[in-house]
Each structure stands twice: as structure tokens, then as C-alpha cells.
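Structural overview
Here's the letter readout for the chains.
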Amino acid sequence: MARTGEVEAFLGEMLPRQRDAEEALCRGDADARGDTWSRNDPVTLFGAAGGLRRGWDEVDETFHRLAGRFTGKHLREYDLELVAAGASGDLAFTVGFEHKTFVVDGEPVSYTLRVTHVYRREDGVWRIVHRHGDRPTAEEASLPD
């Protein structure tokens, strides 16, 4: 069982970097997201658009393709709703919801993704080694807070 201080230290270091990187990705900057990821295998991605990516080269290519899809969209709001987190030694995880609102052709467009991340501490720095993102089911989306 992870100690509370260990989890708090992990979240205090990683979440601000991760939020900044996600906001940058939504503005078309894939490199910012890549800076939060490990280059050392195993590295995997189950993206919300589908498919499995293995290894840094496949993951990085996906990030650049995704960043290109945000061209012409303007990020209005990004929020990571953390549901659970844990950290022990050099491994950690987060589970949550990403809420994003963009302005497209002058109109706000919002969506939510369920996201799970696995992290590994490398040379004293937390890095993402796995991300699984998908859309919540209709039932989950309608549950009261």
C-alpha cells in the first residue's frame, strides 16, 4: 500500500507537467506531451481513437498525428478530474476523466475521456509509460456526481 506522502509527492510533481502537456497538445504541440513520456520500453498507448501503439516511435507518431487534428480548434478549457491515484517506489498510476472544450467555427464543443495512466520514475523523473483513453459509456455519462 502506497503511503499518502508518496502519492502526494508523485501527484505534485507529475500532474502540473501532465496538464501543461495536454493543453499544449490541444493547441497542436505534440512535443510537449512527448516530454512527459518515457522513451524506454515498454511504452504503450491505447488511444481513444482506437488501436494499440507499442514503443516510443509508434507512440510519438500518434501524438504528432493527433496534434495535427487540433489545427483550427481553440482550447477553451481542459480539466483532469482525478478519480484515484497510487504510487509506490518507482511505479505509479492515475485514473480519471479528461474534460475538454474547444471552440470550433465559433461554437463550443465539449467531450470527456476516461483515462488511465501508468508512470515509471526514471533517473528521478516521473514519466508516462502507458495511457488508455476512451469515451465513457452513455450510462456512466448520465450518473449523478
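Details of the structure are given in the entry above.
Our subject in this report is the structure included herewith. Note that the coordinates shown come from a computational prediction; the quantities given were computed from them, not determined experimentally.

Strand order across the open sheet formed by 6 strands is β2-β1-β6-β5-β4-β3, with mixed pairing between neighbours. Every interior strand has two partners, whereas the edge strands, β2 (52–54) and β3 (74–88), have only one. The average angle at which neighbouring strand axes cross in this sheet is 25 degrees, direction not considered. Relative to strand β6 (residues 125–134), strand β1 (residues 44–46) runs parallel, the two being bridged by 3 bridges. Looking at the pairing, Thr44 lines up with His130 of β6. Set on the sheet, helix α1 (residues 4–25) makes contact with β3, β4 (91–104), β5 (107–122) and β6; between it and β3 the angle comes to about 155 degrees. Most of the contacts of helix α3 (residues 55–69) go to β2, to which it runs at about 130 degrees, and overall it touches β1 and β2.

Attention now goes to the packing of aromatic side chains. Inspection of the entire model under this criterion finds 5 aromatic pairs. Here the aromatic rings of Trp56 and Phe63 are separated by 6.3 Å at their centres, their planes lie at 70 degrees, and the arrangement is edge-to-face. Given the relative accessible area of 13%, Trp56 is considered buried. Arranged with centres 6.2 Å apart and planes meeting at 15 degrees, the rings of Phe102 and Tyr111 form a pair that is stacked. Judged on exposure class, the residue Phe102 and its partner Tyr111 are both buried. One aromatic cluster is present, built from ring pairs that chain together Phe10, Tyr119 and Trp126. Over the ring of Trp56 we find Arg39; its NZ or CZ atom is 3.9 Å from the centre of that ring.

Take the pairing of β3 next. Remember that side chains alternate between the two faces of the sheet whenever the strand is regular. Sheet analysis places β3 next to β4, joined by 13 bridges and oriented antiparallel. Counted as the bridge partner of His74 is Val103 from β4. Connecting β3 to the next strand, β4, in antiparallel fashion are 2 residues, including Gly89 with a positive phi near 65 degrees.

One broad rule of soluble globular proteins: the nonpolar side chains tend to lie buried together. If you look at the biggest cluster of nonpolar residues, it comprises 28 residues, and the most contacted ones within it are Phe10, Trp37, Val59, Phe63 and Tyr119. If you list the elements that add at least two residues to this core, you get α1, α3, β3, β4, β5 and β6. With 6 residues, α1 is the largest single contributor of residues to this core.

Procedures and definitions
Residues numbered from 1 in each chain as written. Predicted model: local features only at pLDDT ≥ 70, side-chain atom pairs only at ≥ 80, totals over all residues. Heavy atoms only, no water. Pairing = 2+ DSSP bridges. Helix = DSSP H or I, 4+ residues; strand = E, 2+ residues; numbered from the N terminus. Axes fitted to C-alpha atoms, helices over the stretch in contact; angles between N-to-C directions. Contact = heavy atoms within 4.5 Å. Phe/Tyr/Trp six-rings, centres within 6.5 Å; stacked < 30°, edge-to-face > 60°. Buried < 20%, exposed > 50% of the residue type's maximum accessible area, 1.4 Å probe, protein only. Lys NZ or Arg CZ within 6 Å of the ring centre and 35° of its normal. Core = buried A, V, L, I, M, F, W, Y, C linked by side-chain atoms within 4.5 Å.

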